[in-house]
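So you can see what is in the structure, the chains are spelled out below.
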Amino acid sequence: MTDSQTDLANFARLIESIEPWLDQVVIIGGWAHRFYRLHPSARPVEYPPLTTLDADVALPIRLEVKEQDIGARLVANGFREELLGDHKPPATHYRLGDARSGFYAEFLTPLVGSQYDRKGTAKATDRVGGVTSQKLRHLDLLLNMPWQVELDESKGFPLAAPTQVQIPNPTCFLAQKLLIHSKRSPEERAKDILYIHDTVEIFSGRIQELNEIWRAVRLRQNARHSASIELARKRLFGELSDSVRESARMAVGRTLSAQAILETCNLGLSGIFQ
């Protein structure tokens, strides 16, 4: 089995584990970006997607109760808890025990209201559906109006039957990347810029559709967030920066210049978020 086949098989194990909640949870991060290519609205691109060892799963604040919780199903499917840090409850990676590739899942849920409780302790984690979930600002965007893609054996996923999974719509994916950009590490910033560029390119024929999504989403957003998205776009892509240059270097095997990234992102984002 190749590394790529192993990655897909590991992800299929995760999907089997969370199958009862697939209509409530959203696959985000690098795997969502990878799945954009499977959507009917996507245009074909020749370069491979960025890959990642971890799978990020966004959970709503309140998850419908099933016969088993997510944690129990993960354990039954070979995942083990890896506790990190000293938050209460501690941040947790759910690592697939026999995954030589290091595959693990992480669960995330929206941070609503203040970042701190009355004692001044950061509200960094919570228990949702039997798993520890990291609380993040602006994650609610990724749960808003999700799209669906189908995974099956023809796409490399060894699943018993074709399975629909939810991913963020590209507009909300891009908006969230812009809103969190200033909080990211330099390496994460460069990678996010490449995610933004590739997402714009993949859906370059659907800019008007993505703008219509934004018009609907914006009505539910804080006006300050809308302004922050526009400001972040101008800061990120107003001129060539070290982050943009580094994102071009990350595009291994592609003839993609920093200037081309700048122009594509400016043109696409200005059309989506107008």
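Above: the structure in question.
Every value quoted in this text rests on a predicted model; they were computed, and no experiment measured them.

Engineer: Would you mind going over the environment of A227 with me for this structure?
Structural biologist: Along the polypeptide, A227 turns up in helix α7 (residues 223–237). Between the C-alpha atom of A227 and that of T92, which follows or precedes it by 135 residues, the distance is 34 Å.

Engineer: Whenever I open this one, the pairing of strand β9 (residues 163–167) confuses me. Can you help?
Structural biologist: Of all five residues in β9, four are buried; the element is thus mostly enclosed. Relative to β9, strand β8 (residues 147–151) runs antiparallel, the two being bridged by five bridges. Within β9, the position partnered with Q148 by the bridge is Q166.

Engineer: What exactly am I supposed to notice about the packing of aromatic side chains here?
Structural biologist: Two aromatic rings are characterised by how far apart their centres lie and by the angle between their planes. Enumeration over the complete set of coordinates arrives at eleven aromatic pairs. With a centroid separation of 5.7 Å and an interplanar angle of 55°, the aromatic rings of W31 and F35 are classed as tilted. A residue pair is termed a helical-turn pair when its members lie 3 or 4 positions apart in one helix, as W31 and F35 do in helix α2 (residues 29–35) at four residues. Each member of the pair, W31 together with F35, is buried. Ring geometry for Y36 and F173: centres 5.5 Å apart, planes at 90°, overall edge-to-face. Residue Y36 is located in the loop between α2 and β2 (54–58), and its partner F173 is located in helix α4 (residues 170–180); the two are separated by 137 residues in the primary sequence.

Rules of the game
- Residues numbered from 1 in each chain as written.
- Predicted model: local features only at pLDDT ≥ 70, side-chain atom pairs only at ≥ 80, totals over all residues.
- Heavy atoms only, no water.
- Helix = DSSP H or I, 4+ residues; strand = E, 2+ residues; numbered from the N terminus.
- Buried < 20%, exposed > 50% of the residue type's maximum accessible area, 1.4 Å probe, protein only.
- Pairing = 2+ DSSP bridges.
- Phe/Tyr/Trp six-rings, centres within 6.5 Å; stacked < 30°, edge-to-face > 60°.

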